[in-house]
Amino acid sequence: MAERLGALVIDSVVQLGAFVLFLVSAAFYVFFPPFKPRLWIRQIRIIGADSLFLIILIGGFTGMVLGLQGYNTLRRFGSDGALGTVVALVLVRELGPVLAALMIAARAGSAMAAELGAMQSTEQIDALTVMAINPVQYLVSPRVLAGVISFPLLISVFDVVGIFGGYMIGVGLMGAPSAAYFNGIADNMEWHDVMTGIYKALVFGVVVTWVCCYKGYRAERMATGVSRATTEAVVLSSALILAFDYFLTSILL
Amino acid sequence: MSQTEINHNGGDAKNIRNAASAGNAIEVRDLRKRFGRQQVLDGVTLDFPAGQITTIVGPSGSGKTVLLKHLNLLMRPDSGTIVIDNVEVTKLGATGLDAVREKFGVLFQAGALFDSMSIFDNVAFPLVEKTRLTRAEIAERVHETLKAVGLEGMGAKFPSEMSGGMQKRAALARALVRRPKILMLDEPTTGLDPSRTGAIHELIRRTQENFKLTAVMVSHDVPAVFQVSDRVAFLHNGRTHLNGTVAQVMAADDEVFKRFLAGKASGEENETALAG
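Residues numbered from 1 in each chain as written. Chains lettered and ligands numbered in written order. Predicted model: local features only at pLDDT ≥ 70, side-chain atom pairs only at ≥ 80, totals over all residues. Heavy atoms only, no water.

Asks: Talk me through the interface of chain A and chain B; I want residue IDs and the actual numbers.
Replies: Contacts between chain A and chain B engage 17 residues on the former and 23 residues on the latter. Between chain A and chain B, roughly 1,600 Å² of surface is buried when both sides are summed, and carbon and sulfur atoms account for 60% of that area. Taken together, the connections running from chain A to chain B amount to 3 salt bridges. Two residues, Lys36 of chain A and Glu129 of chain B, come together in a salt bridge whose shortest N-O distance is 2.7 Å. Viewed at the interface, chain B and chain A are joined by 5 residue pairs in polar contact (both at pLDDT 80 or more). Those elements that place two or more of their residues in the side of chain A that touches chain B are α2 (37–47) and α5 (124–130) of chain A. Here the side of chain A that touches chain B is composed, by residue class, of 8 nonpolar, 3 polar and 6 charged. (Contact = heavy atoms within 4.5 Å. Buried area = accessible area lost by both parts, 1.4 Å probe. Salt bridge = Lys/Arg side-chain N within 4 Å of Asp/Glu carboxyl O. Polar contact = N/O pair within 3.5 Å; in protein donor to acceptor, adjacent residues only side chain to side chain. Helix = DSSP H or I, 4+ residues; strand = E, 2+ residues; numbered from the N terminus. Nonpolar A, V, L, I, M, F, W, Y, C, P; charged D, E, K, R; others polar.)

In structure tokens form, the structure reads like this:
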């Protein structure tokens, strides 16, 4: 029993070490030549541009729900003029980064894990190695870099679309005062609030690409290897997004 | 024992001569590798003479694929040495390993072509990534190599649009495009029908002669593969059981090899856990 527990602990520490070293290695090779801007741009397109429609859709509906709920709640206290401030702060500080990151993990992260998992199972990653091409530098570093660039941009789009979604429902449909909506945002939103969202976006960009690349890269070479890697990638990156969100919020408040 | 004589190892790798030979492209000495409780390589000692095709055969679990993964530097041994083109590789760091990797090409069992690239781009890939050739020079070399493997004019196709045999040819072209000294082939005819198997064997022979290569091949396609091989190494229980020219190995009075040829591998062999 004690032996098994010891082996489990050792195995867990080894795996955690490999997980962390994977990120360190990927981050190192971002700054280490040869640089491949072509690969960076391709990954920014896949993670960023290809996720844009989804982000606009989810951001719009999230803002609309906030507009509806926010108006009905604030009206009870006679504060419906604060609707814009509430919608904007909730989106920019919290819901925008978290919901957008979860959506990108589900869409681009799962695809990333599946692609690398398939490459692992068909020996394409081994093929890179024997051609003296570093697979982490070629496959992982561009994805992590693309995540760091794309996430803040996508989350900013999510926030802006959400704020307009809230305006459409709260002001257009429910009748909240129009001028107060945007004036409230301009008066009460601080630069610190915006930066909180940006910091979160940067961290989530690293977390999602790191976890999804690691799971795909380490996929087992068997029939269920790719599907298991994909599932684990989405579940773990979603859990880590929420965990990091808590810690970042407590630090940045 | 001379290199042209048969090495009937009988499980004792040390019986084989230790002296390095100038005529060997690869020399393996007392190579050992363990996975958990499974001793997959248990003291393999083997020479791969330059300019010849050496085929590694053996029952499942004998360690042949694991041995090839050590030769193509995808695995590190627990102990023992590997000399490739006069460089001892087992203690090399990443940069040293990459320098040795420039000397060989590898054909993987499933081809390992990049799905997202055309055949032209797949074959051009090692040149684009690892050389300073101009676009025109790369295009010329790729067309030349595709022609050598019988895929002239097929560069625009994608791997998914090609048959298994054509994918193997394309993968062979990619392995050859940098003009390596050594070619390593892992089960090159797996999944092919008998006529395509024959064609691939013939292509390997022709390619080896045209490019003056040293070829190391792992194959289960016994005895068909002997027709294209110069030498055969028979692995059994993680050791070099027989090693010599095809004629010598075929003439060997060895019960284990005869059982293997007759497809009557013992229960113990069949139960060996790791593929090899």
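Now that the structure has been shown, we can carry on.
Asks: Lay out the pattern of salt bridges in plain terms, naming residues and giving numbers.
Replies: Under the counting rule described, the total for this entry stands at 26 salt bridges over all chains. We note a salt bridge from Arg93 of chain A to Asp193 of chain A, for which the minimum N-O separation is 2.4 Å. Of the two residues, Arg93 of chain A is situated in helix α4 (residues 83–121) and Asp193 of chain A in helix α8 (residues 191–217); the sequence distance between them amounts to 100 residues. Within the structure, one salt-bridge network assembled from shared partners comprises Asp30, Arg32, Asp42 and Arg239 of chain B.

Asks: Explain a nonpolar patch on the surface residue by residue, including any values.
Replies: All names here are of chain A. Taken together, Leu5, Leu8, Val9 and Val13 make up a surface patch of nonpolar side chains, about 380 Å² in accessible area. Along the chain, the position of Leu8 falls in helix α1 (residues 2–30). Residue classification places Leu8 among the exposed positions, given a relative accessible area of 53%. (Patch = residues over 30% accessible without salt bridge, like charges linked within 9 Å, V, L, I, M, F, W, Y side chains within 5 Å. Areas by Shrake-Rupley, 256 points an atom, 1.4 Å probe, with all protein chains shown as cover. Buried < 20%, exposed > 50% of the residue type's maximum accessible area, 1.4 Å probe, protein only.)

Asks: Give a detailed account of the sheet that holds strand β3 (residues 38–49) of chain B, specifying residues and quantitative values.
Replies: Residues and elements named next belong to chain B. Taken in spatial order, the 4 strands make up an open sheet running β3-β2-β5-β6, and their pairing is antiparallel. Each of the sheet's edge strands pairs with one partner strand only, and the pair in question is β3 and β6 (87–88). Each of β2 (24–35), β3 and β5 (79–84) touches helix α1 (residues 64–71); the most contacted strand, β2, lies at about 120 degrees to it. (Pairing = 2+ DSSP bridges. Axes fitted to C-alpha atoms, helices over the stretch in contact; angles between N-to-C directions.)

Asks: An account of α2 of chain A is needed here, citing residue identities and associated values.
Replies: All names here are of chain A. Residues Leu39, Gln43 and Ile47 constitute the buried set of α2. Buried residues along α2 cover an arc of 60 degrees about the axis, so they all sit on one side. In this structure, α2 carries Arg38 and Ile41 as exposed residues pointing more than 90 degrees from its buried face. Against α4, α6 (135–173) and α8 lie the buried residues of α2. (Arc of directions from axis to C-beta.)

Asks: Before we move on, can you summarise the side chain of Gln43 of chain A with the specific residues and values?
Replies: Structurally, Gln43 of chain A is set in helix α2. Setting aside anything within four residues of it in sequence, one finds Gln43 of chain A in contact with Gly48, Pro142, Arg143 and Ala146 of chain A.

Asks: Outline the packing of α6 of chain A against helix α7 (residues 178–188) of chain A, supporting the account with residue identities and numerical values.
Replies: Residues and elements named next belong to chain A. Here α6 crosses α7 at 150 degrees, and the two axes come no closer than 10 Å. When the axis of α6 is compared with that of α7, the two are roughly antiparallel. Like other packed secondary-structure pairs, α6 and α7 cross with a definite hand, here right-handed. Together, Ile163, Phe164, Gly166, Tyr167 and Val171 of α6 and Ser178, Tyr181, Phe182 and Ile185 of α7 make up the contact between the two elements. Across the contact of α6 with α7, the residue classes break down as 7 nonpolar, 2 polar and no charged. (Parallel < 35°, antiparallel > 145°, perpendicular 65-115°, else oblique. Left-handed = near helix turned anticlockwise from the far one by under 90°.)

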